[in-house]
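# Structural features, examined
Each chain is listed here by its residues.
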Amino acid sequence: MKKEVLYIVVPCYNEEEVLHETNKRLLSKIDDLITKNIISNKSKIMYVNDGSKDKTWDIILELHNKNKKVTGVCLSRNRGHQNALLAGLFTAKKSADIVISMDADLQDDINAIDEMIQKYHDGSEIVYGVRSSRKKDTFFKRFTAQSFYKFMKLMGVDVIYNHADYRLTTKKVLDNLEKFNEVNLFLRGIFPIIGYKHDVVYYERSERFAGKSKYPLKKMLNFAWDGITSFSVKPIRLILSIGILTCILSFTTIVTLIVLDLIFLDLSKWVYIILSIWLSLGIQLFAIGIVGEYVGKTYIETKSRPRFIISRNLEEE
Ligand code: UDP
Ligand code: MG
């Protein structure tokens, strides 16, 4: 029986501290799977250098020269985790039957790979790695990340709870992913849309064994904001509801004040004018801001810029 070629895609941004160790562990995993006859011996690890400023790419080259099971792609500059991941997935699918994406810091348990492949053999086209606990994350990371998933659900975006970008996908799924032309591609929201039979594998998320997180608060907020605005029109509807509610409230308040004023209160007429001016100004600015966000997104999408430019591809050398 033909064995599937597996590619493990790892986006790397300034990961010189972890790469050697990560590579050692991933290689032994791949070798183990090959010996057990689970995957083809053409399987590889593919690192994507996302415009790192340290020695990341030099290390990738060194690892590639030592072992041809290691390959790499170098982006022309830093484009962020999601784009680096895309570059890797699309390059890998040219040679692979199945692709697993994971972070360079091995916070995601690599032993879940066996179970992922098992689920693939059971017929799933996408297998999501889901964190069963986040005990090892800092309180801040845990809190922000979990609020993010809950908020996304509230906004009507279909995401798998506590799933990051540790997942197995088949070539077929990736071929379909390529049909999504939007530039702001929020992968965690796209895969559920692609469909096909999917399954979930649970694992414990551990700490980063070296180096610092490459996702500071600013990047996390950008990521969350992108996710929500590229998928959901709920914010607009929310504004609409707030608008209607405020109109009703202010209208009844003003009517009540007029009636009370006629009977016994002696309010200055300026109160009404100022009240209504501020109210309508606030509502308008708020609404314009939200509409502007969507207009901005449309603008960026119409330009259809390439999501990444590969400056060097070891697969083709
Ligand atoms: N990463 C990347 N480009 C970036 C930021 C991060 O390719 O601009 C990679 C990083 O090297 C790592 C993965 O994305 O492999 C996840 O980053 P990190 O582990 O720092 O995020 P955290 O686990 O703290 O959310
Ligand atoms: Mg990490």
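Just above, that's the structure.
First things first, this report covers the structure right here in the doc. All values derive from a computational prediction rather than experimental measurement.

Within the protein, the regular secondary structure consists of ten helices and eight strands. Against the 2.2 N^0.38 benchmark of 20 Å for 317 residues, the protein shows a C-alpha radius of gyration of 25 Å, more extended than a compact globule. At a minimum sequence separation of 6, the contacts of the protein that also span at least 24 residues come to 82%. Element-wise, carbon and sulfur atoms account for 63% of the exposed surface of the protein, whose accessible area totals about 16,700 Å².

The topology assignment puts Lys94 in the loop between α3 (81-92) and β4 (98-101). Separated by 77 residues in sequence, Lys94 and Lys171 have C-alpha atoms that sit 8.2 Å apart.

A few words on the packing of helix α1 (residues 19-35) against helix α2 (residues 56-66). Relative to each other, α1 and α2 sit at 35 degrees, their axes nearing to 10 Å. Note that α1 runs across α2; the crossing there is right-handed. Side by side, α1 and α2 meet where Leu19, His20 and Asn23 of the first sit next to Thr56, Ile59, Ile60, Glu62 and Leu63 of the second. Class assignment of the residues belonging to the contact of α1 with α2 gives a composition of four nonpolar, three polar and one charged.

With six of six residues buried, strand β2 (residues 44-49) lies mostly within the body of the structure. Neither face of β2 is exposed, since Lys44, Met46 and Val48 on one face and Ile45, Tyr47 and Asn49 on the opposite face are all buried. Between the parallel pair strand β1 (residues 6-12) and β2, the chain is carried across by α1, and the sense of this crossover is right-handed. Pairing geometry for β2 and strand β3 (residues 70-75), over five bridges, is parallel. Across the sheet, residue Asn49 finds its bridge partner in β3, namely Cys74. With respect to chirality, the unit in which β2 leads through α2 into the neighbouring parallel β3 is right-handed.

With 17 residues, α1 should cover 24 Å at 1.5 Å per step; its first-to-last C-alpha distance of 24 Å lies within 8% of that length. Buried residues along α1 sit against β1, β2, α2, β3 and α4 (112-121). Just downstream of α1, Asn37 is the residue with a positive phi angle, here 65 degrees.

Let's shift gears to the site of ligand 1. Looking at ligand 1, there are 20 residues lining it, with Glu15, Asp50, Asp105, Ser213 and Lys214 nearest. With respect to ligand 1, the side chain of Glu15 contributes an N or O atom lying 2.6 Å from an oxygen atom. Interatomic distance of 2.8 Å between a side-chain N/O atom of Gln107 and an oxygen atom of ligand 1. Those elements that provide at least two residues to the shell around ligand 1 are β1 and α3. Among the residues forming the shell around ligand 1, the class breakdown is six nonpolar, five polar and nine charged.

All told, the structure shown has three aromatic pairs when counted by the stated rule. Their ring planes at 80 degrees and their centres at 5.2 Å tell us that Tyr166 and Tyr203 sit as a pair that is edge-to-face. Within this pair, whereas Tyr166 is found in strand β6 (residues 163-170), its partner Tyr203 is found in strand β7 (residues 198-204), the two being separated by 37 residues in sequence. Pair check on accessibility: Tyr166 and Tyr203 agree, each one buried.

Val10, Leu26, Tyr47, Met102 and Ile113 are the most contacted members of the largest nonpolar core, which totals 39 residues. Broken down by element, the residue count for this core peaks at six residues, all from α1. With residues up to four places along the chain from it excluded, the contact list for Leu26 reads Ile8, Val10, Ile45, Tyr47, Met102, Leu106 and Ile110. By size, the runner-up hydrophobic cluster in this structure holds 29 residues, among which are Val48, Phe90, Val173 and Leu174.

Before going further, it helps to examine the packing of α3 against helix α7 (residues 187-194). Between α3 and α7, the least distance of the axes is 11 Å, while the angle of their chain directions is 45 degrees. One finds that α3 runs oblique with respect to α7. Contacts between α3 and α7 pair Gln82, Leu85, Leu86 and Leu89 from the former with Leu187, Arg188 and Phe191 from the latter. Of the residues belonging to the contact of α3 with α7, the class tally is five nonpolar, one polar and one charged.

With that settled, the discussion passes to the environment of His121. Along the chain, the position of His121 falls in helix α4. Sequence spacing of His121 and Ile60 is 61 residues, and the spatial spacing of their C-alpha atoms is 31 Å. His121 has contacts with Glu4 and Ile38, leaving out every residue within four places of it along the chain.

Residues Phe251, Val255, Ile258, Val259, Leu262, Ile263, Phe264 and Leu265 make up a contiguous nonpolar surface patch of about 840 Å² in total accessible area. Residue placement: Phe251 occurs in helix α9 (residues 234-263).

What follows is about the pattern of salt bridges. All told, the structure shown has 16 salt bridges when counted by the stated rule. One salt bridge connects Lys36 with Asp32, and the closest N-O pair in it is separated by 3.2 Å. Residue Asp32 is classed as partly exposed on the basis of its relative accessible area, which comes to 28%. Arg188 is paired through a salt bridge with Asp165; the nearest N and O atoms lie 3.1 Å apart. Of the two residues, Arg188 is situated in helix α7 and Asp165 in strand β6; the sequence distance between them amounts to 23 residues. A cluster of three or more residues bridged by salt bridges with shared partners is formed by Lys93, Lys171, Asp175 and Glu178.

Cut-offs applied
Residues numbered from 1 in each chain as written. Chains lettered and ligands numbered in written order. Predicted model: local features only at pLDDT ≥ 70, side-chain atom pairs only at ≥ 80, totals over all residues. Heavy atoms only, no water. Helix = DSSP H or I, 4+ residues; strand = E, 2+ residues; numbered from the N terminus. Rg over C-alpha atoms; globule rule 2.2 N^0.38 Å. Contact = heavy atoms within 4.5 Å. Areas by Shrake-Rupley, 256 points an atom, 1.4 Å probe, with all protein chains shown as cover. Axes fitted to C-alpha atoms, helices over the stretch in contact; angles between N-to-C directions. Left-handed = near helix turned anticlockwise from the far one by under 90°. Nonpolar A, V, L, I, M, F, W, Y, C, P; charged D, E, K, R; others polar. Buried < 20%, exposed > 50% of the residue type's maximum accessible area, 1.4 Å probe, protein only. Right-handed = clockwise from strand over helix to strand, strands pointing away. Pairing = 2+ DSSP bridges. Expected span 1.5 Å × (residues − 1). Near = heavy atom within 4 Å. Polar contact = N/O pair within 3.5 Å; in protein donor to acceptor, adjacent residues only side chain to side chain. Phe/Tyr/Trp six-rings, centres within 6.5 Å; stacked < 30°, edge-to-face > 60°. Core = buried A, V, L, I, M, F, W, Y, C linked by side-chain atoms within 4.5 Å. Parallel < 35°, antiparallel > 145°, perpendicular 65-115°, else oblique. Patch = residues over 30% accessible without salt bridge, like charges linked within 9 Å, V, L, I, M, F, W, Y side chains within 5 Å. Salt bridge = Lys/Arg side-chain N within 4 Å of Asp/Glu carboxyl O.

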